[in-house]
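So you can see what is in the structure, the chains are spelled out below.
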Amino acid sequence: MPFPDLVSQLTRRQIESMAQSFAERELVSNNEREELVRRSNEYLDAAVEKGLTPKMSYRGRAAGVTLKAIRDIGLQISETDIARAAGFDKKSMAINTSIIDALLKDPKSP
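In this text the structure is predicted, and so the values were computed from the model without any measurement.

Criteria and thresholds
- Residues numbered from 1 in each chain as written.
- Predicted model: local features only at pLDDT ≥ 70, side-chain atom pairs only at ≥ 80, totals over all residues.
- Heavy atoms only, no water.
- Salt bridge = Lys/Arg side-chain N within 4 Å of Asp/Glu carboxyl O.
- Helix = DSSP H or I, 4+ residues; strand = E, 2+ residues; numbered from the N terminus.
- Buried < 20%, exposed > 50% of the residue type's maximum accessible area, 1.4 Å probe, protein only.
- Expected span 1.5 Å × (residues − 1).
- Contact = heavy atoms within 4.5 Å.
- Axes fitted to C-alpha atoms, helices over the stretch in contact; angles between N-to-C directions.
- Parallel < 35°, antiparallel > 145°, perpendicular 65-115°, else oblique.
- Left-handed = near helix turned anticlockwise from the far one by under 90°.

A.B. asks: Whenever I open this one, the pattern of salt bridges confuses me. Can you help?
C.D. replies: A side chain of one charge can pair with a side chain of the opposite charge if their charged atoms are brought near each other. Throughout the structure, instances matching the rule amount to nine salt bridges. The closest approach of N and O atoms between Arg33 and Glu16, which form a salt bridge, is 3.9 Å. Here Arg33, found in helix 2 (residues 30-49), pairs with Glu16, found in helix 1 (residues 3-24); they are 17 residues apart in sequence, far enough to count as distant. Using a relative accessible area of 15% as the deciding quantity, one classes Arg33 as buried.

What follows is the structure, given as structure tokens:
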């Protein structure tokens, strides 16, 4: 399996795992979990299209796109909970989020 495909597969599994952990802790409903996974995967695909390389860890990718999806959906999950689900500290979470946000920023926005 090519390395980029392996990283993508691991990232998608991590997104699923994070969403499931939120559901188990009753931070999201089953419907919200499904929406979170769907949107996170869409953001992942968009970030890869815009140049996200496999050099970023799969957990970092998953955390960044999941945070973006959580914000867009309007879920009340803290960055600390997201970082914990991804196995990161808050500082690492902020770095990964910045990279994803920069890639997914609308070029028409200021």
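A.B. asks: Just checking my understanding: could you explain helix 1 for this structure?
C.D. replies: Think of an α-helix as 3.6 residues a turn; residues three or four steps apart then line up on the same face. Between its terminal C-alpha atoms helix 1 stretches 31 Å, which fits the 32 Å expected from 22 residues at 1.5 Å a residue. Residues of helix 1 that are buried include every one of Val7, Thr11, Gln14, Ile15, Met18, Ala19, Phe22 and Ala23, and no others. Tucked into the core, helix 1 has its buried residues touching helix 2, helix 3 (58-73) and helix 4 (79-86).

A.B. asks: Even after reading the chapter, I still don't get the packing of helix 2 against helix 3, so can you show me in this structure?
C.D. replies: Contact pair helix 2 / helix 3: the axes reach a minimum separation of 8 Å and the direction vectors enclose 120 degrees. Between helix 2 and helix 3, the angle is such that the two are oblique. In this structure, the crossing between helix 2 and helix 3 has a hand that is right-handed. The segment helix 2 lies against helix 3, with Glu35, Leu36, Arg39, Ser40, Tyr43, Leu44 and Val48 engaging Arg61, Val65, Thr66, Lys68, Ala69, Ile70, Asp72 and Ile73.

A.B. asks: Any chance you could explain the environment of Arg25 here in plain terms?
C.D. replies: By the element assignment, Arg25 lies in the loop between helix 1 and helix 2. The exposure class of Arg25 is partly exposed, given its relative accessible area of 37%. Separated by 23 residues in the primary sequence, Arg25 and Pro2 place their C-alpha atoms 35 Å from one another. Filtering out sequence-adjacent residues up to four positions away, Arg25 remains in contact with Asp81, Arg84 and Ala85.

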